Amino acid sequence: MHRVSKIVAAGIATAALTLSLSACGESSTEAGGKDKGVGLAFDVGGRDDHSFNEAAARGVDKAQKDFGVKSKMMTAKNGETEADREQRLSSLAEAGYNPVIGVGFNYGKSVNKVAKQFPKTTFGVVDSPSQAKNVYGMVFAENEASYLAGVAAALKSKTHKVGFIGGVNNALIQKFQAGFEQGVKETDPKAKVTSEYLYANDDKGFNDPAAAKGKAKGMLDAGIDVIYTAAGQSGNGSIETVAGKKGTWAIGVDSDQYLQPGLAQYKNSILTSVMKNVDVAVYDLVQSVHDKKPLTGNKSYTLKDNGVRLSTSGGFIKDIQAKIDAAKKKIASGQVKVSDTPAKQ
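These lines cover the structure that appears in this document, whether it is placed above or below. (Residues numbered from 1 in each chain as written. Predicted model: local features only at pLDDT ≥ 70, side-chain atom pairs only at ≥ 80, totals over all residues. Heavy atoms only, no water.)

**A word on the sheet that holds strand 9 (residues 226-230)**
What links the strands of a sheet is backbone hydrogen bonding, and the strands pair in either a parallel or an antiparallel sense.
Phase 1 of the analysis: Strand order in the open sheet formed by six strands is 8-7-9-10-11-13, and the pairing between neighbours is mixed. Two strands close off the open sheet at either side, each with one partner strand: strand 8 (192-199) and strand 13 (308-310). Within this sheet the neighbouring strands show an average axis-to-axis angle of 15°, counted without direction.
Phase 2 of the analysis: One ladder, built from three bridges, connects strand 9 with strand 10 (residues 249-254); its direction is parallel. Residue pairing in the sheet places Val-226 in a bridge with Trp-249 of strand 10.
Phase 3 of the analysis: Helix-sheet contacts for helix 6 (residues 209-221) involve strand 7 (161-168), strand 8 and strand 9, and the interaxial angle to strand 8 is about 160°. (Pairing = 2+ DSSP bridges. Helix = DSSP H or I, 4+ residues; strand = E, 2+ residues; numbered from the N terminus. Axes fitted to C-alpha atoms, helices over the stretch in contact; angles between N-to-C directions. Contact = heavy atoms within 4.5 Å.)

**Brief notes about helix 8 (residues 278-290)**
Phase 1 of the analysis: Taking 1.5 Å of rise per residue, the 13 residues of helix 8 would be expected to cover 18 Å, and the 18 Å separating its terminal C-alpha atoms lies within 8% of that figure.
Phase 2 of the analysis: If you check which residues of helix 8 are buried, you get Val-278, Asp-279, Ala-281, Val-282, Tyr-283, Leu-285, Val-286, Ser-288 and Val-289.
Phase 3 of the analysis: One or two positions beyond helix 8, positive phi appears at Lys-292, with a value near 60°. (Expected span 1.5 Å × (residues − 1). Buried < 20%, exposed > 50% of the residue type's maximum accessible area, 1.4 Å probe, protein only.)

**Topic: the pairing of strand 6 (residues 135-140)**
Each regular strand shows side chains that alternate between the opposite faces of the sheet.
Phase 1 of the analysis: Extensive coverage of strand 6 is indicated by the burial of six of its six residues.
Phase 2 of the analysis: Every second residue of strand 6 is oriented toward a common face, with Val-135, Gly-137 and Val-139 on one face and Tyr-136, Met-138 and Phe-140 on the other, all of them buried.
Phase 3 of the analysis: Looking at chain direction, strand 5 (residues 123-126) and strand 6 are connected through four bridges and run parallel. From the neighbouring strand, Gly-124 faces strand 6, where its bridge partner is Tyr-136.

**Focus on the nonpolar core**
Phase 1 of the analysis: Met-138, Phe-180 and Val-282 are the most contacted members of the largest nonpolar core, which totals 68 residues.
Phase 2 of the analysis: Examining the composition of this core, we find that eight residues originate from one element, helix 4 (residues 142-156), more than from any other.
Phase 3 of the analysis: Residues in contact with Val-282, not counting those within four places in the same chain, are Ala-56, Gly-59, Val-60, Ile-101, Val-126 and Met-138.
Phase 4 of the analysis: Ala-95, Tyr-97, Ala-115 and Val-125 belong to the second-largest nonpolar core, a separate cluster that totals 17 residues. (Core = buried A, V, L, I, M, F, W, Y, C linked by side-chain atoms within 4.5 Å.)

**A short note on helix 9 (residues 321-333)**
Phase 1 of the analysis: Helix length check: helix 9, at 13 residues, gives a terminal C-alpha distance of 18 Å against a target of 18 Å (1.5 Å per residue), a fit within 8%.
Phase 2 of the analysis: When helix 9 is considered as a whole, its buried residues turn out to be Ile-324, Ala-327 and Ile-331. Angularly, the buried residues of helix 9 cover 60° about the axis, an arc narrow enough to put them on a single face. Those residues of helix 9 that are exposed and angled more than 90 degrees off the buried face are Ala-322, Lys-329 and Ser-333.
Phase 3 of the analysis: Elements that come into contact with the buried residues of helix 9 comprise helix 4 and strand 13.
Phase 4 of the analysis: Directly after helix 9, the chain includes Gly-334, whose backbone phi takes a positive value near 90°. (Arc of directions from axis to C-beta.)

Structure follows, in C-alpha cells:
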C-alpha cells in the first residue's frame, strides 16, 4: 500500500439515506474480490447540490471516463443516525464496490468503523481523518482559501460591512468563518464582519435554502453588501437573495458556483468561490485503487499546493487579483498564519 501522511484537520457536516445493496449471493464480508467500481455516499443535498457533493461526483465522473470504472451513488437524508451511515457503507462494500467513499465530516466515524470489517476494501472519507489501515482521509485547508475570500470581500465592499453564513455551527464550518474574518480584518481593519449560522447542530443546515434566504435578507437589510455562505445546498438560497439586490455580491463555496448551470441566472452576482478540490482528491483515490496501489493515511490539500483556491470565473476580481495573489504568497510561505478557529468577539 502507498501511504500518504500529512497534517490532518477536523472535518465537515453530514450523512446518508439508508439504502441497501444486495451482496448478490457473495460473502457477507466482501464480494469475492469482484470490484464493481466506486461506491460514493453523498452528504445531504446529493449530487446536484452545486457544492461539495457535486465536486466529489465530478471526481468519479472523470475516473469513469479515464478508467472505465462504474459507480453507485447514494444520497443522505436529514437527521440520519450513525447506524444509517454504517448500513450504507457496509452494503456498498458487501456488494463489491471499491473504493467506498463517504462525502462529509459525519462519515468519519462510520467509515473508520466499517473499514475494519472489510480489510480488502479501500475506503475514503472527505473532511475527516483516517483512523484505520485501509482508509484514506482527505482534508482541506478551507481556512486558507476563505482568508482570500475575506481579502476579496473587504476590497469589494462599499459599505465596509460583510457577512458570513454557516450551515451548521461545527468545527469544520468554523474554519471557513475563521479564515474569512481574518482575511477581512487584515485587509480592512475598519470593516465589520457579521457571522451567523443556520443551525447549531442539525445537518439540515446544509439542505435548507429557505433558511439561508432569510438570513441573507436580514444581512442585506442591515447594509451588508458582500455575503460568503458555507452551507452546502442551502447556499443556493443565499446566492438567489443577493442576486435580487443591485450592488451586492455573493461568494460561493466548494465548487466554482459561477459555472453551475443551476445557478446560471445568478452568476453575475457571484464575486468568486472558495474552491476545495474534492474532485481531485476523490479522483486520486479512485486512480490509486485502479492502479492497485491504494492510497491510505491522511492528506491535507492546502493553498500552497492548490488543494484549495479562489475561482476567477466572471472576471469580477480581476482588478484586485494582484492583492489576492500577494496574500496567497504570504500564506504559502508561512508569513501569514491563518487561524482555523474564529477569534472571540
